[in-house]
Amino acid sequence: MNIEELEQIAEGVRQENAQYDYEVNVCMDLACASQGADKLREALVQAAEASGKKVLIRRTGCMGPCSHGPLIRVDHADTLYRKVNAGHAESIVNSLGGEPVPELQCDLNEHFGSQVRVVLENAGYIDPEKIEDYIARDGYKALLTVLTEMTPAGVVHRITESKLRGRGGAGYPTGLKWGTVAKASGDMKYVVCNGDEGDPGAFMDRSVMEGDPHRVIEGMAIAGYAVGAKKGFIYVRAEYPVAVSRLTTALREARRRGLLGNDICGTPFSFDIEIRLGAGAFVCGEETALIASIEGKRGTPKPRPPYPAVSGLWSKPTLINNVETFANIAPIIRNGGKWFANMGSERSKGTKVFALTGRISNTGLIEVPLGIKLRKIIEVIGGGVPGGHTFKAVQTGGPSGGCIPAEMLDIGVSYDALMAAGSIMGSGGMIVMDDTSCMVNVARFFIEFCMTESCGKCIPCRAGTAQMYTLLTRICNGTATMDDLELLENLCSTVKEASLCGLGQTAPNPVLSTLKYFRNEYIEHIVNKRCPAGVCSMETPVEVLA
Amino acid sequence: MSNGDDVKTLIIDDQEVSARRGQTILEVARENGINIPTLCHLEGLSSVGACRLCLVEIKGSNKLLPACIATVFESMEVSTDTERLRKHRRTILELLFAERNHICSVCVSNGHCELQTLAQEQGLTHIRLPYRNPNLPVDASHERFTVDHNRCILCTRCVRVCAEIEGAHVWDVMGRGINCMVITDLHEEWGSSTCTRCGKCVQVCPTGALFDKGKIGSEHPKYPDFLPYLNLMREAR
């Protein structure tokens, strides 16, 4: 395989597509599929056959605004149809070549207008199970360029130049991490892709793995070349069976085309990837626990240092990046580091995919340049809070993050600004809450999550989160005293500072941030035995132990 | 040590000390008579950094590091006994006492218990947290030993000594978070497990969770000091 052959494959796809007069892309992602996208697709195929029109009906990954699904895009008019069902198939096919179907059109210009798509550039345009579709959209060009025109150090330099920061949550500079692994000594090194997305309400990585799996594979292969690794692992949670099957297909296709395996594209570089399934533990998203899990051990974290970049998988230097980080690599190589660094804010470059969920009109996946105002995400892209309710807070970063209140909506979304607000960027979940949410109850929900997902290795996290849960339950059912609140705050500080890994160190964030911005709600529960949002029932003053 | 780089000098609690490269802060502190509290650490076993009692402050870093794992570097300044650390240590000990049923007066290890001793050292006079009072089993199926899960603090010394020193790996940890428990084999009774009856786990257990049968209250001192010597002798062979 060389650049010319890639170009031939792309040309082949274009010629094949040119046989059709129209293109209809049907979103087959989980949200749309669960609302009947499969039946819709069959109906479209039948309707197209019956009408005699030459229509290419393609299944694609997530198009974004899941709350409007099932979605289809009719490409000749570049029209997005929302809430489509099998009954609409005939009128859609009949409208091809003419005016769009008015009742299905969705007005999401504002929703899409503020977005910039880098990671999701192919989402909704390619069939994830066809490597040719990916190649036709410049796929694997970056890998070939790297292998034939760049030195490993040059690749690391370009990634450093892009100022890309890890998209898994902590925001460690990716170029620096690659450089460290590249410099580490040892003949055996590993590249690991962290696809153990576990935050409640977050599904960015799933969509990328399901909708554009080759992008992750290409990013990993480039990383392997840059750091000198021959072997990669994709660690996917077993709760994502579609992602696993798409990745398996993609790996097979890539091997068949000589884009993975020995002597890739005739160069001396060899790289292959294996899939490892997570067994349902949130903590295995923490890199040292993930390594233990891949090694076949109990998934518990280890103190760092030593960092995986020096001693990781089987004590070899290991590069671990998140799915979205790897998904950014190919565009950076293709367009240059400076192109990427031109997007975003001062210290947070590029774009970030967020999963918007909760009390908001347009739930689903969005990709925005970093530095964008939180208000714009909520009010313009998200379409605001529905049902006449008022916005109360947005939780970013899942159980490790915090709640950001309405008065802080004008901060720009960047690693540093979110940290300063008491939350974190996290992997990109955004849960919007309105006036029907009780913030104490929200904090209790997240602490319960951390308590049940704690691995139990270190005492502050194991026993501390359980005690925090007990105290929060007391507050929620009206049996707490002000002493309990003081105890809770004391526990937050110990769990945060003394826990072994990131899970424990960030577990108090939901409590700390709600205490900071919604302290009056806590006081109201404790002193007046009243839940301002009317969520907590104060009638059962029973001591609850976790 | 042939190379000058292999010797480091550092400051622990305003005391200038020297160390070999690769030594942990804990080793160096103890060599110099500086006490850092530990619970999961035991000389002769691998360190896991789980109990978080040996956390120390390093000048120039806001992060607390476990002294049993963190290695020394040239000119580092370590504080082992600040108000911040004392507060966390007391909270961690409180968490342990409230987690399971530690009733010293009826415990075989009363007076010989590392948890009890640490609580006295750290000036713990009472527990502010709600006691969880879990309902946990006692396994007395073994002919020589008993495990009382009510007194277990999950330090995993038994797991490590069984796997690393005895080589049997009978003990392991089951479950997640607050529901973790040490188990023998795949959660079988200790008496019908593959236990080799060596008794090392009983000797390294810091509390009265693992004990010899036939001992009554306050009668059970433990002798984990055999470990470093055993390791030395094995290395010499």
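Treat the numbers as computed from the prediction; the structure is a model and nothing was measured.

Along the backbone of chain A there are 23 helices and 13 strands. Taken against the 2.2 N^0.38 rule, which gives 24 Å for 546 residues, the C-alpha radius of gyration of chain A at 24 Å falls within 12% of a compact globule. Dimensions of chain A along its principal axes, counting C-alpha atoms only, are 75 × 60 × 40 Å. Here chain A holds 546 residues, and the buried ones make up 61% of them. Put simply, 72% of the contacts in chain A that link residues at least 6 apart link residues at least 24 apart.

Turning our attention to the nonpolar core. Within the largest apolar cluster, 75 residues are counted, with the highest numbers of intra-cluster contacts made by Y140 and W178 of chain A. No other element matches helix α11 (residues 213-227) of chain A, which puts nine residues into this core. Two domains each provide a minimum of three residues to this core, namely domain 2 (138-341) and domain 3 (351-434) of chain A. In this structure, Y140 of chain A is in contact with L6, I131, Y134, I135, H214, I217, E218, A254 and L259 of chain A, ignoring residues within four places of it in sequence. Core analysis: the second largest hydrophobic core is formed by 53 residues, A443 and I447 of chain A together with L55 and L129 of chain B among them.

Residue and element names in this part refer to chain A. Summed over the entire model, instances satisfying the criterion amount to zero disulfides over all chains. Take C492: it sits in no disulfide, and the sulfur closest to it among the cysteines is that of C450, at 11 Å. Look at C492 and you get buried, because its relative accessible area is 0%.

Residues and elements named next belong to chain B. Assigned domains within chain B: domain 1 (4-81) and domain 2 (86-236). Every contact between the two is made by 23 residues of domain 1 and, on the other side, 25 residues of domain 2. Summed over the shared surface of domain 1 and domain 2, the result is two salt bridges. For R86, the salt bridge identified is with D81, shortest N-O distance 3.3 Å.

Once that is clear, we can look at the sheet that holds strand β7 (residues 272-278) of chain A. All names here are of chain A. Taken in spatial order, the four strands make up an open sheet running β7-β6-β5-β8, and their pairing is parallel. Each edge of the sheet is formed by a strand with only one pairing partner; in this case those strands are β7 and β8 (318-322). Sheet twist, expressed as the mean angle between neighbouring strand axes with direction ignored, is 20 degrees. Where strand β5 (residues 190-195) lies against β8, five bridges are found, and the strand directions are parallel.

Now for the side chain of R100 of chain B. Residues and elements named next belong to chain B. One can find R100 in the loop between α2 (83-99) and α3 (114-121). For R100, which is buried and forms no salt bridge, the nearest opposite charge comes from E99, at a distance of 4.8 Å. In terms of polar contacts, R100 uses its side chain to reach the backbone carbonyl oxygen of H149, at 3.0 Å. A distance of 2.7 Å separates a polar side-chain atom of R100 from the backbone oxygen of C180. Discounting chain neighbours no more than four positions away, the residues touching R100 are P134, L136, H149, N150, C152, L154, C180 and M181.

Turning to the confidence of the model for chain A, a few remarks are in order. Should pLDDT be low for a region, the predicted coordinates there are not to be read in detail. For chain A, the mean per-residue pLDDT works out to 93, and 98% of the residues sit at or above 70. Across chain A, the secondary-structure element scoring lowest on mean pLDDT is helix α5 (residues 109-113) of chain A, at 86, and the one scoring highest is β5 of chain A, at 98.

Across the boundary between the two partners, chain A contributes 36 residues, which contact 33 residues of chain B. Surface buried jointly by chain A and chain B totals about 2900 Å² across both partners, of which 57% is contributed by carbon and sulfur atoms. Considering only the surface of chain A that becomes buried against chain B, I459, R462 and Q467 of chain A emerge as the three largest contributors, covering 22% of it. Across the contact surface, chain A and chain B share three salt bridges. For the side of chain A that touches chain B, the secondary-structure elements that each account for two or more residues are α18 (439-453), α19 (459-476) and α20 (482-498) of chain A. Broken down by element, the residue count for the side of chain A that touches chain B peaks at ten residues, all from α19 of chain A. Looking at the side of chain A that touches chain B, its residues break down into 18 nonpolar, eleven polar and seven charged.

What counts, and at which threshold
Residues numbered from 1 in each chain as written. Chains lettered and ligands numbered in written order. Predicted model: local features only at pLDDT ≥ 70, side-chain atom pairs only at ≥ 80, totals over all residues. Heavy atoms only, no water. Helix = DSSP H or I, 4+ residues; strand = E, 2+ residues; numbered from the N terminus. Rg over C-alpha atoms; globule rule 2.2 N^0.38 Å. Buried < 20%, exposed > 50% of the residue type's maximum accessible area, 1.4 Å probe, protein only. Contact = heavy atoms within 4.5 Å. Core = buried A, V, L, I, M, F, W, Y, C linked by side-chain atoms within 4.5 Å. Domains from an automatic or database assignment. Disulfide = S-S within 2.5 Å. Salt bridge = Lys/Arg side-chain N within 4 Å of Asp/Glu carboxyl O. Pairing = 2+ DSSP bridges. Axes fitted to C-alpha atoms, helices over the stretch in contact; angles between N-to-C directions. Lys, Arg positive; Asp, Glu negative; His and termini not counted. Polar contact = N/O pair within 3.5 Å; in protein donor to acceptor, adjacent residues only side chain to side chain. pLDDT = per-residue confidence, 0-100. Buried area = accessible area lost by both parts, 1.4 Å probe. Nonpolar A, V, L, I, M, F, W, Y, C, P; charged D, E, K, R; others polar.

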